Protein chains: 2
Amino acid sequence: MVPFTNNVADSVSQLGEVALIQQISRWLGPVSPASPHGIGDDCAVLEPVNSGQQILTVDSVSYGQHFDANVSPEDAGAKLVKRNVSDIAAMGGSPGPAVLALLCGPDVCTQWLERFFFGIRQCCEHYKISLVGGDVSSLARGNFSAVLTLTGQALSPKLRSTAKCGDYIYVTGTLGGSILGKHYQFQPRLAEGQWLAQNPHCSAQMDLTDGLVKDLKSLLPTATHAALDLGTLPIAPAAYTLAKTSGHSALQHACCDGEDYELVVTLDMQVNCQAFEAQWSAQFPDTELRQIGRIRRSSSGGQLIDSATNTALPWSHGFEHLRVP
Amino acid sequence: MVPFTNNVADSVSQLGEVALIQQISRWLGPVSPASPHGIGDDCAVLEPVNSGQQILTVDSVSYGQHFDANVSPEDAGAKLVKRNVSDIAAMGGSPGPAVLALLCGPDVCTQWLERFFFGIRQCCEHYKISLVGGDVSSLARGNFSAVLTLTGQALSPKLRSTAKCGDYIYVTGTLGGSILGKHYQFQPRLAEGQWLAQNPHCSAQMDLTDGLVKDLKSLLPTATHAALDLGTLPIAPAAYTLAKTSGHSALQHACCDGEDYELVVTLDMQVNCQAFEAQWSAQFPDTELRQIGRIRRSSSGGQLIDSATNTALPWSHGFEHLRVP
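The rules behind each value
- Residues numbered from 1 in each chain as written.
- Chains lettered and ligands numbered in written order.
- Predicted model: local features only at pLDDT ≥ 70, side-chain atom pairs only at ≥ 80, totals over all residues.
- Pairing = 2+ DSSP bridges.
- Helix = DSSP H or I, 4+ residues; strand = E, 2+ residues; numbered from the N terminus.
- Contact = placed C-beta atoms within 7 Å.
- Axes fitted to C-alpha atoms, helices over the stretch in contact; angles between N-to-C directions.
- Domains from an automatic or database assignment.
- Nonpolar A, V, L, I, M, F, W, Y, C, P; charged D, E, K, R; others polar.

This paragraph deals with the sheet that holds strand β12 (residues 311-312) of chain B. Sheet strands associate in pairs through backbone hydrogen bonding, adopting either a parallel or an antiparallel arrangement. All names here are of chain B. On the basis of which strands lie adjacent, the open sheet formed by seven strands has the order β7-β9-β6-β10-β8-β11-β12 and mixed pairing. Edge positions in the sheet fall to β7 (202-207) and β12, since each of these pairs with one other strand and no more. In the sheet, β7 pairs with strand β9 (residues 263-267) via five bridges, with the strands oriented antiparallel. Bridge pairing in β9 links Asp 207 to Leu 263. Against the sheet, helix α3 (residues 73-90) touches β7 and β9, its axis set at about 170° to β7.

Below is the structure:
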């Protein structure tokens, strides 16, 4: 469904800002608490974090970039929330209050927006997120973006920068071909991220948004490379489907496609891999966790290496924002 | 200066996302701390708030909406920060860490963006704000928006909803005609907001962004109106300048124009107005503070009344986002 309408009576311009914000508050229902802990003042007042450290992330969805007319408004709204929840999951945290900035053309359809907010509401209810404030501003006709800033808390936030040479590299779920549906149907690995972060052997953690070959580099300490066992890479069925028509291999899709929203976690050399994998299976019987390689010392550094051939992967770019297609 | 370029070599698409984020971090210099308290991880980890309550606000700037080619990139960047700081000022707080979402077309000019970030940096340095994280995503060509989410802390956050019938209404500075320059040259009333919020007679506070006649309504308790002494309204020189060509009176501009970023504060009936005004003048000799009316009981409610004639102001709308011009 396209977010825009040519009928002024059906558009947000007809409502105006004050009425729209009142509507949004109604649409959100219990997800929108009363001021001062909700919409209606210059700032929202937050409840203190009750344990651990506070964390903060921001992510957006724009029509034509992160979703199109084939994605329902509800799914687009839910995607905005889930993108942020995935970042919280990557730190091993749990989500808290959020604020939303809405940037929309005057021709955004009110009915479309109601359904977009219904998706946000359902998703916020699921993750116990309160939408405590926001901002509405205009763009030119035919434009729609929404930016969510999500707070969270983590007992011990798990970083990217703390991986070490010798660590085992694991990935959750399967990779590649998310454009066929997973890019909005994914479930953030929240419980998984919290569970992994509590493991004393877990050295670093991140979520995959721009593709393994691009994202994994940010996890590598100086003068190391990732030696990947490509035969064990959990390739998604969608990657095989896409490969039939794309001209690329399923493996390439698994390595390069964006928006997997899976977790990559590194475990130190002292871990008993077999015992760890057994604990995982008992805890998350429906979610794959696969050891895909190790971090090795390297003079060049920063590369992804096929451990079978000891050569660099032929693909260096994952999903690249801002590139002219 | 227009933010876009037709020369691909000069555009952000040439840089790509990873290099752009590295550039942004360099451009921001000391305003961009190292991970985990800065850019580089899935979330930023925040230092605990050391006193009072934590507050949170979000505001955006979009090219063509909040600034145009007549505004320098530095001023546009600074405006983004100052819009948010004004919200913190309205609560009587002080600003803390922030996260930034950048939404830009592939044709955004890198040099323009560097200057935009220089404006952000200078302003963040001035207000001691750290930019601890963010997100970069694409829009269609010719589009540029930036959304800043700013945290803050306030000993006792000053709300809109706590004004009472009988309260005196004061406004800082002068009003109207901000389109002639103040809309980006304003200084958020941060010290003023903190000082006012600490006054035991201060019952409520807000900043003026969409015009007095629109914003003041949100301060009125049920079954009250604002009885305004229009003769005392501090009309900005720019409002008179604008009135010469706009077809509207300077008074109307002062009442209706948006983006004044002045504070409206209400003081309870027990205040000694003369003593309070003398204290203000001693504290802020260069900033006007004017009593413009009182909150009175009213059966209809929610209106702005000319106290000289006891009739409603003829203008009901301030600056209206989302309206089709």
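Moving on to the domain arrangement of chain A. Residue and element names in this part refer to chain A. Domain boundaries assigned for chain A yield domain 1 (8-154) and domain 2 (168-312). The partner domain 2 presents 14 residues to the twelve residues of domain 1 that form the contact. It is helix α3 (residues 73-90) that contributes the most residues to the side of domain 1 that touches domain 2, eight residues altogether. Here the residues of the side of domain 1 that touches domain 2 sort into five nonpolar, three polar and four charged.

Moving on, we get to the interface of chain A and chain B. If you look at the interface, chain A gives 60 residues, while chain B gives 59 residues. Ranked by residues supplied to the side of chain A that touches chain B, first place goes to strand β2 (residues 53-62) of chain A with nine residues. Residues belonging to the side of chain A that touches chain B are distributed by class as follows: 28 nonpolar, 22 polar and ten charged. Summarising the sheet, strand β1 (residues 44-46) of chain A and strand β2 (residues 53-62) of chain B pair through three bridges and their orientation is antiparallel. Among the inter-strand pairings, A:Ala44 is bridged to a residue of β2(B), identified as B:Leu56.

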